[in-house]
Amino acid sequence: MSDYGLIIAGEKRAIEAGFDINDPATGALVGRCPNARQVDLDAAVAAARQAFPGWRATATEARAQACNRIADAIESHAAELARLLTREQGKPLGGTGSEFELGGCVAWTRYAASIDLPVEVLEDNEQQRVEQHRKPLGVVASITPWNWPLMIAIWHIIPAIRTGNTVVIKPSPYTPLSTLRLIEIINAELPPGVINAIAGEDPLGAAISEHPGIDKIVFTGSTATGKKVMAGSAATLKRLTLELGGNDAAIVLPDVDPAAIAEKIFWSAFINSGQTCAALKRLYVHDAVYEPLCAALTEVAEKTPLGNGLEPGVLLGPLQNAMQFEKVKALVADARARGARILCGGDPLPGDGYFYPPTLVADIGAGARLVDEEQFGTALPIIRYSDIEQAIESANACEQGLGGSIWSADIAAARALAPRLECGTVWINSHAGVQPNVPFGGVKASGFGVEFGIAGMQAYTSIQIVTVDKQ
Ligand code: NAD
């Protein structure tokens, strides 16, 4: 019997079938995850459908209060959740790791509680009054990845609940346990059936895409899987928000002070061991500052403590899984075979965990897998350029378009370049920062729709116009 349960119709349900979740730092067993079947998915969707009319009819203030209670509950369980997250995901407790992620969960939940989507009066005169109402969609399914499992779960489910929808969430089979525990905590603050959690292997995601009882899917994951979700949900015309992969470029102009920006650039790329959708993944550096920036970045990389995330002082943990570990190894091997210069790292650490030290790769360009593919790990290609037009063209020569950045002492020059990057967010002198009140989403193969802010919340509603004829 699994120690972690599904959450269906307000109850925790342990089931016989399960699979082991192991710590990526040590290989030790963290716990057994229930392996839900179609019948469990059907039960979760039925519970969400049944809870929908009551939850939709709940006053918006009451739903806001419920979100604040959820934030309080997450805060009071933050230490337990952070530890479980570190054990199954690998990220450190401190730094920008698990405790930071739990802080984000609370901040995004409180923000959702603080905003509303009131009726808008579009016209009111002697002839007619026209109102625009926002109505919940029904049952929202959330499918999450393994890199920021709790924060992304919160990003999906809280705005859905806040606007009167009910939810079925399916976490990644790599990191399901912390999400199941999070949902158990959230469930205690809500009427039965408003939030339901099922966990299992990838086919469960495909079953969600096709399920006729689901009205919307909010999906965060790879571009390849996002396409499958879209295809699978076509027959039932589900609403979709697709937050997919990115291969973000940063362009460093010749006027920067390399020593001053190195630490910020390093963490923009290596946050969560590079396993972040909008991490800096291709670094284009002007010839005039190329070698000094390479040297400054190497200095930061070599002093950053890598280890088991439960140990104090560790800032970088292992990669999360064997697939990701093998991918980073293969991309660095390809770069090496093409004659690229490995400035630091370049080989996995011996031992049980998936430890791959931060690896900076210079003298590399298009054609290398590390440049052309999303690495999602601890290896960063540093590409030399001398002509800004060529740098912009290379940055945009990518099927994805999540984020991008320009680094310069001349803000006006950087602002002038920003609109030329084909991506959903352009940061100037930073990269990868997100916040609850600012819409975030990708263009091109990075997906469509936004999360966060008013626009993000609107994505969980449909518009209904009510027109009153006064004549
Ligand atoms: P993934 O696509 O392999 O898996 C994501 C989720 O989809 C998991 O829950 C998985 O079980 C499920 N799934 C697998 N097959 C499915 C199918 N056929 N139908 C429906 N669901 C299915 O992605 P991952 O490896 O977990 O996450 C890494 C990727 O996510 C990276 O590409 C990263 O850039 C992206 N990501 C994007 C954002 C963003 O906001 N744009 C945020 C985080 C991660």
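Residues numbered from 1 in each chain as written. Predicted model: local features only at pLDDT ≥ 70, side-chain atom pairs only at ≥ 80, totals over all residues. Heavy atoms only, no water.

**Looking at the domain arrangement of the protein chain**
Reports of interface size often rely on the accessible area that becomes lost once the parts have come together.
Item 1. Assigned domains of the protein chain: these are domain 1 (6–244 + 446–469) and domain 2 (248–436).
Item 2. The C-alpha centroid of domain 2 is placed 30 Å from the C-alpha centroid of domain 1.
Item 3. Contacts between the two partners involve 30 residues from domain 1, matched on the other side by 30 residues from domain 2.
Item 4. Looking only at domain 1, the three residues that lose the most surface to domain 2 are Pro24, Trp146 and Ser446, adding up to 23% of its buried area.
Item 5. One can count 0 salt bridges joining domain 1 with domain 2.
Item 6. At the boundary of domain 1 with domain 2, the tally comes to 11 residue pairs in polar contact (both at pLDDT 80 or more).
Item 7. Every element with two or more residues in the side of domain 1 that touches domain 2 is listed here: helix H3 (78–89), helix H4 (98–114) and helix H8 (223–233).
Item 8. No other element matches the 5 residues that H3 contributes to the side of domain 1 that touches domain 2.
Item 9. Residue classes in the side of domain 1 that touches domain 2 are distributed as 13 nonpolar, 11 polar and 6 charged. (Domains from an automatic or database assignment. Contact = heavy atoms within 4.5 Å. Buried area = accessible area lost by both parts, 1.4 Å probe. Salt bridge = Lys/Arg side-chain N within 4 Å of Asp/Glu carboxyl O. Polar contact = N/O pair within 3.5 Å; in protein donor to acceptor, adjacent residues only side chain to side chain. Helix = DSSP H or I, 4+ residues; strand = E, 2+ residues; numbered from the N terminus. Nonpolar A, V, L, I, M, F, W, Y, C, P; charged D, E, K, R; others polar.)

**Remarks on helix H9 (residues 258–270)**
Item 1. Under the 1.5 Å per step criterion, the end-to-end length of H9 is 17 Å for 13 residues, consistent within 8% with the ideal 18 Å.
Item 2. Restricting attention to buried positions, one finds in H9 the residues Pro258, Ile261, Ala262, Ile265, Phe266, Ser268, Ala269 and Phe270.
Item 3. Looking one or two residues past H9, Asn272 carries a phi angle of roughly 60°, positive in sign. (Expected span 1.5 Å × (residues − 1). Buried < 20%, exposed > 50% of the residue type's maximum accessible area, 1.4 Å probe, protein only.)

**Some words on the sheet that holds strand S13 (residues 280–286)**
Item 1. In space, the 7 strands of this open sheet follow the order S14-S15-S16-S13-S12-S18-S19, with mixed pairing throughout. Edge positions in the open sheet fall to strand S14 (341–344) and strand S19 (425–428), since each of these has one partner strand only. Neighbouring strand axes in the sheet, compared pairwise and without regard to direction, differ in orientation by 25° on average.
Item 2. Against the sheet, helix H13 (residues 388–396) makes contact with strand S12 (248–252), S13 and strand S16 (379–385), and its axis sits at roughly 170° relative to S12, the strand it touches most. (Pairing = 2+ DSSP bridges. Axes fitted to C-alpha atoms, helices over the stretch in contact; angles between N-to-C directions.)

**Focus on the site of the ligand**
Item 1. Neighbouring the ligand are 30 residues; Thr144, Asp202, Ser222, Leu244 and Glu374 lie closest to it.
Item 2. Contact between the ligand and Lys170: an oxygen atom at 2.9 Å from a side-chain N or O atom of the residue.
Item 3. Within the backbone of Gly221, an N or O atom sits 3.2 Å from an oxygen atom of the ligand.
Item 4. For the ligand, the protein covers 91% of the area, taking 860 Å² as the surface of the free molecule.
Item 5. The pocket occupied by the ligand, as judged from atoms lying within 2 Å of grid points, is the largest pocket.
Item 6. Listing elements by their share of the shell around the ligand, those giving two or more residues are helix H7 (203–210), strand S10 (216–220) and H8.
Item 7. Within the shell around the ligand, the residues separate by chemical class into 14 nonpolar, 11 polar and 5 charged. (Near = heavy atom within 4 Å. Areas by Shrake-Rupley, 256 points an atom, 1.4 Å probe, with all protein chains shown as cover. 1 Å grid on protein atoms, 1.4 Å probe; cavity = no way out; pocket = protein on both sides within 12 Å on 5 of 7 lines; lining within 4 Å. Sits in = over half its atoms within 2 Å of the grid points.)

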